[in-house]
Each structure stands twice: as structure tokens, then as C-alpha cells.
Amino acid sequence: MNFVMMFCAMTPQLLIIWLLPNVAFASSHNYGEALSKSFLFYEAQRSGYLPHDQRVQWRGNSGLLDGKASGVDLVGGYYDAGDNVKFGLPMAFTVTMMSWSIIEYGKQMGESGELSNAMDAVKWGTDYLLKAHPEPNVLYGEVGDGTTDHYCWQRPEDMTTSRAAYRIDPSRPGSDLAGETAAAMAAASIVFRNSNPAYAKELLTHAFQLFEFADKYRGKYDSSITVAQKYYRSVSGYADELLWAAAWLYKASNKPYYLNYLGENGDALGGTGWSMTEFGWDVKYAGVQTLAAKFLMQGNAGKHEPVFDKYQEKAENFMCACLGKGNQNIHKSPGGLIFRQRWNNMQFVTSASFLATVYSDYLASARKSLKCSSGTVSPSELLSFAKSQVDYILGDNPRATSYMVGYGNNYPRQVHHRGSSIVSVKKDPSFVSCRGGYATWFSRKASDPNLLAGAIVGGPDAYDNFADQRDNYEQTEPATYNNAPLIGVLARLHGGQSQYSQLLPVAIPQPKPDPEQKVTRAPASSTADITIEQKETASWVHKGKTYYRYSVIVTNNSAKTLKNLKLSISQLYGSLWGLSKYGDSYVFPAWLNSLPAGKSLEFVYVHSASPAVVSISSYTLV
């Protein structure tokens, strides 16, 4: 549980979209193992009826009457940290960041066998958020309260504390809570768009409703749910969440209304004015700026380009601050770790690392560099920064301590976490009383009886010092929002040579063309409007077989914008990066909607044969 908030930044303007080979990483760390353990942590944080395939066996069912007194089913969801309260704002942010991690690096997660676990972790959260939104203008934002919960030290299976449910509605608004929940549902709808389209549609419908609720009935949620003020106070207010939700709704729906909202409200709501050095569950500006800069690079800003230029400038300020090359830099410990505050500092480290990672890939895809006040920075340097933070977390630090529980040999053993610190109900079902838990288990100077594998604890102080003690909650308490951004970075680093900006490796539905638009069908490899050029760029021998890397450049030679392009690719025997599969055709990658006049798109593929046959099936000029 936290008493705070967060902030970080971004860059370019997309003229030509490129996909480049990744940076190879040499490290002693097993990022795949750390990724796998992260998802175990989410299973340990589950509330409600546990599923049959639950892997964390020391946990049992809990919170089975949540919401009943209010006449609503609020069973499920996640406990936020080491306590037994379900706080809606950090839970929704956790879901948003897990979803963003999958959207960017789902391919890498799939290659490591963790994509299904990642999607299960998101769905456990969204299933609860759907329950918490029973009416368009009603959202339950908390179950339990921190005061009574902190008075007791009980495992969740034994809870005797209050399970009161708290909500926002038109008379008690909470734009920050509703906005973040809208963002979570919109982002998650992208994750499930292809594997579970009905569920994705349901999520997006709720996201639309929640955004309208947040925007129409404005107010801070902790003024309505006052019991949250001591624990998750909305210091930044709700303006950032309105922009954050609009950005995710645009990304999920492609509706111009939400892009216009970002363009028309960027100045008034602070998105173009604040240069942040922090990003997290409270302060979303750096995330908004990163997404807005991506939209700009994709050529989607349209008439709002001047406003999106300002979003981009602020995003870049954040990235430069992370690197220590800006006008307002983020403080780092002697060991090189980002440091903002004593209490759960790791939340800022993982969130900043994620933004740096995705932005590095955006820059590399666009063949751009980051321009800081101290000079030009390559995308690889930004990615190296993120890697340095992850390596510090995993043990490359002055104490040689891993701050991920269960990873390495030297990690926290006395975690500030009720469930892990008390013997499992499966091993000893004897009831643990409210105060008895403090006497018997909290004060016990021994390792936790249950391993909270994958949990990222609060971490060291400004001088790299750390005390592994259960009562040292500032340093030894974990939180769900610590891990959520990290899973994306771990997947990216584990993927090594995998492609940039990889979304889920599935077909993305394309928008239907306007009936008034002219659709041209051309089976030839090039037309007067579009040229296709491909060439071999590299070759190597592996286990006696020669592999070739081919680059294909598609150029829009017309004076109009190219949309709804469908390519036919035959005699392809390997992997392809930079396009989405749509039935038997290949179309624009999901993050690109169109190709402006005179611009080019590059995609690459690798196989052990002559060049594949690439031809144009159809396209639209508007």
C-alpha cells in the first residue's frame, strides 16, 4: 500500500516508418525466469474464488462476501500490496500497464510461453472491474478500508476486518478513478480483441461509458471515497486521467472523437504543459505524452499536430530526465537506481523503465534519435538505461541483493505481506485472529513461511541501503503496480533479437473503406500509385543452413493518403516483422492506420530461401 503517486517523457515525428534489428543484450540475468515469476506474484494477490489452475498453492479463497452488503457482487480482483484491501485506482492502473506490456511485447511473451499467463492476469483484473461498474454512472472504487485493515495482521482467508464497499456516482464523482478504469478496459480490449472479441467489445463499451461519466461529472475520487485519502490520495487530480483515458480509447477504437479530445484539451488539462520526472498510479502525464507522441509519429495528429508536438516535447523531457541529460534530471542513488522517495521507490523505477523501453523502440522504428539538452541520444542508449534499472532490481547493485522475491540467491525473506508471512491455511487451518497475527507472525524474526515469488518490494533508500525486516514497510512491502510495467521490459529484454513494437501476433481487424472511396485492385508487384522494392540485407549460417534477411520497402507515390492496403505474400517460409496478418493477406501493422503521400513503410522477413513474392491485392486512396 502506498501514500503517494508518480511521473517520466518522449520524441519524434513519423515521416518514414522503419523496423530495425534489435540490440543484442549480454547479461547474466535470466529475464525469462523473472518474467515467469512476476505472473506468480499476481496469482498470490488474487481475491475471490481461486481457479482450478491456480499455481500458488499456499493461497485459498477469500473475500467471498465482498459487495453483498451493498447488493452488488464484488468478489474477485486483486489485493493491492501487503494488505487485504481492494483499492480501485491502483488496481485499474495495474491492469492498464499489464495490458500495455502485452500490446507492445505480446509476441515476446508468447515466445517465452508466458502470454497466456499474462492475459489471465489481465482478465482477473478486468472481470472484477466489470463487476465494479454495474451502471453507466456508478463505479465501486474500494472494498475494505485501510484503517481497520492495518489494525489487524491476518491472512486474507481469515479476514475479520470491514469489507464495506465504496462507490462514486453523479452526486459523488471521481473522474480520476473512472478515467483510469476506462483506460484499463480500453487497453485490455486490445489484448482480447482477437482471442475473445465478445469480451473485448464488452470492455470497450464499459470504457466508453466510464469516460463519459468521468468527463461529465468531474471531481476527485478521494473527495467522494474519503477512506482512500490516507493511502491512495489523488494528488495530481483528475485532469491527467481524462487525457490518459482518451488516449487509450483512441488507440482501442480509432474514433476521431478521442483524438480530438486530446488535441482540444491538451493545454487546458496540463498534458502539454507539464514536464514530468515521475509516472505511476497517480500521475499519468508522462504516459499520455508517450502515447500522444506515438500517434504523432504515426501521422495521426492531423489538424492537432501543433498540440501533439508539445506532447512530444514533454515526453522527450521525461526521457532526457531519466538519462540525466535534461534540464531537470531524476536523482539516482550511488548505485545508479532512480530515486524519488523512501516509500516503495521501486514503483517509479519500473514505470520509468517501461516508458524508456517502448520509447526507445518507437524511435528505432522511426529511425529517429532523442534530442536532449546535453546532446543527441540514440535509441539504444535509452534502452540501455532501462536495462540498467532492471539489472539493478535483479541483483546488480552495491548490496548484490535481488529486489524480486525468489529470484537469485539473495532476496528479501521477511516481506511486509500478510499472506506470505503467516503459515498457509492449507498447512494449518487454525484461525489467525486480528491482533494475534501481530503477536505470532508479524513480530517473528524469521523468513516468511510462504514464498511470494516474483514480488518487487519497495527497494533500497537513496544510498542503496536496505533492511530486510517485516516491519520496514517502506522497503519490504510489494505492490501490484510495481510489477505491471516491469513485465513488458522483462519480455523485451528476454526477447533479445525479436522485433520492435510487437503487438499480439494475431490478425487485426481493418476498418471498412468508405463506399465513396475508390478501391483499386492490382495483382502486380507495383502500380503507378505504389512501388515495392525488396533486397537482401544480411545472411548467416546456422547449423549448416543459410538464412537470409530481406527488406521490403512499400512507397506511396500518389498525391493522396494510402489506406486499407492489402498485400499478398507467397513463398514465405520464415518469420515476418512489420505487418499484421489479416486472413490470407498482410496489412498495415496495428499501430499504423495509413501512409501519407510520398512516405514509405519497411517490413522485413527472414527465411532460408530466395525472396518471397510480394504483390498488391487492394488499397484505397483518400
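Residues numbered from 1 in each chain as written. Predicted model: local features only at pLDDT ≥ 70, side-chain atom pairs only at ≥ 80, totals over all residues. Heavy atoms only, no water.

1. Points about the state of the cysteines
If you walk through the whole model with that rule in mind, you get 2 disulfides. A sulfur-sulfur separation of 1.9 Å characterises the disulfide bridge that pairs cysteine 152 with cysteine 434. On the sign convention where negative means left-handed, the S-S torsion of about -85° between cysteine 152 and cysteine 434 marks this disulfide as left-handed. With a gap of 282 residues between them, cysteine 152 in the loop between α4 (146-151) and β3 (165-168) and cysteine 434 in the loop between α14 (418-421) and α15 (436-442) connect regions that are remote in the sequence. Per residue, the accessibility class of cysteine 152 equals that of cysteine 434, and both read buried. Two residues share a disulfide in this structure: cysteine 320 and cysteine 372, whose sulfurs sit 2.0 Å from each other. Disulfide cysteine 320-cysteine 372: the torsion about the S-S bond is -90°, which places it as left-handed. In this pair, cysteine 320 is assigned in helix α11 (residues 305-323) and cysteine 372 in strand β4 (residues 370-372), connecting sequence segments 52 residues apart. When the bonded cysteines of the protein chain are counted from the start of the sequence, the pairing works out to 1-4, 2-3. (Disulfide = S-S within 2.5 Å. Helix = DSSP H or I, 4+ residues; strand = E, 2+ residues; numbered from the N terminus. Buried < 20%, exposed > 50% of the residue type's maximum accessible area, 1.4 Å probe, protein only.)

2. Section: the packing of helix α5 (residues 175-191) against helix α8 (residues 239-253)
Interaxial distance between α5 and α8 falls to 8 Å at its minimum, and their mutual angle equals 20°. Accordingly, the angle class assigned to the pair α5 and α8 is roughly parallel. The handedness of the crossing between α5 and α8 is left-handed. Residue-level inspection shows Ser175, Asp176, Gly179, Glu180, Ala182, Ala183, Ala186, Ala187, Ser189 and Ile190 of α5 in contact with α8, the latter providing Glu241, Leu242, Trp244, Ala245, Trp248, Leu249, Lys251 and Ala252. Tallied by class, residues from the contact of α5 with α8 come to 11 nonpolar, 3 polar and 4 charged. (Axes fitted to C-alpha atoms, helices over the stretch in contact; angles between N-to-C directions. Parallel < 35°, antiparallel > 145°, perpendicular 65-115°, else oblique. Left-handed = near helix turned anticlockwise from the far one by under 90°. Contact = heavy atoms within 4.5 Å. Nonpolar A, V, L, I, M, F, W, Y, C, P; charged D, E, K, R; others polar.)

3. Structural notes on the pattern of salt bridges
Within the structure shown, the criterion is met by 25 salt bridges. For aspartate 361, the salt bridge is made with arginine 492, and the minimal N-O distance between the two is 2.8 Å. You can see aspartate 361 sitting in helix α12 (residues 346-365) and its partner arginine 492 sitting in helix α17 (residues 480-495), a full 131 residues away along the chain. Each member of the pair, aspartate 361 as well as arginine 492, is classed as buried. Measuring nitrogen to oxygen at the nearest pair gives 2.8 Å for the salt bridge that ties lysine 387 to aspartate 391. You can see lysine 387 and its partner aspartate 391 sitting in helix α13 (residues 379-393), 4 residues apart, about one turn around the helix. Across the pair, aspartate 391 and lysine 387 agree in class, each one buried. Here the salt bridges do not stand alone but share partners, grouping Asp66, Lys86 and Arg163 into one network. (Salt bridge = Lys/Arg side-chain N within 4 Å of Asp/Glu carboxyl O.)

4. A short note on the domain arrangement of the protein chain
Examined at the domain level, the protein chain breaks down into domain 1 (31-495) and domain 2 (530-621). Spacing between the C-alpha centres of domain 1 and domain 2 amounts to 36 Å. (Domains from an automatic or database assignment.)

5. Quick word on the sheet that holds strand β7 (residues 530-542)
Read from one edge to the other, the open sheet built from 4 strands follows the order β7-β8-β14-β10, with strand pairing classed as antiparallel. With partners counted over all chains shown, the strands left at the sheet margins are β7 and β10 (575-577), one partner each. Ignoring strand direction, the axes of neighbouring strands in this sheet form an average angle of 15°. As defined by bridge partners, β7 adjoins strand β8 (residues 545-556) across 12 bridges and the pair is classed as antiparallel. Across the sheet, serine 539 pairs through a bridge with tyrosine 548, a residue of β8. (Pairing = 2+ DSSP bridges.)

6. What to know about the environment of leucine 115
Position of leucine 115 relative to the elements: it lies in helix α3 (residues 115-131). Looking at leucine 115, the relative accessible area reads 16%, which means it is buried. It is 23 Å that separates the C-alpha atoms of leucine 115 and leucine 451, two residues lying 336 residues apart in sequence.

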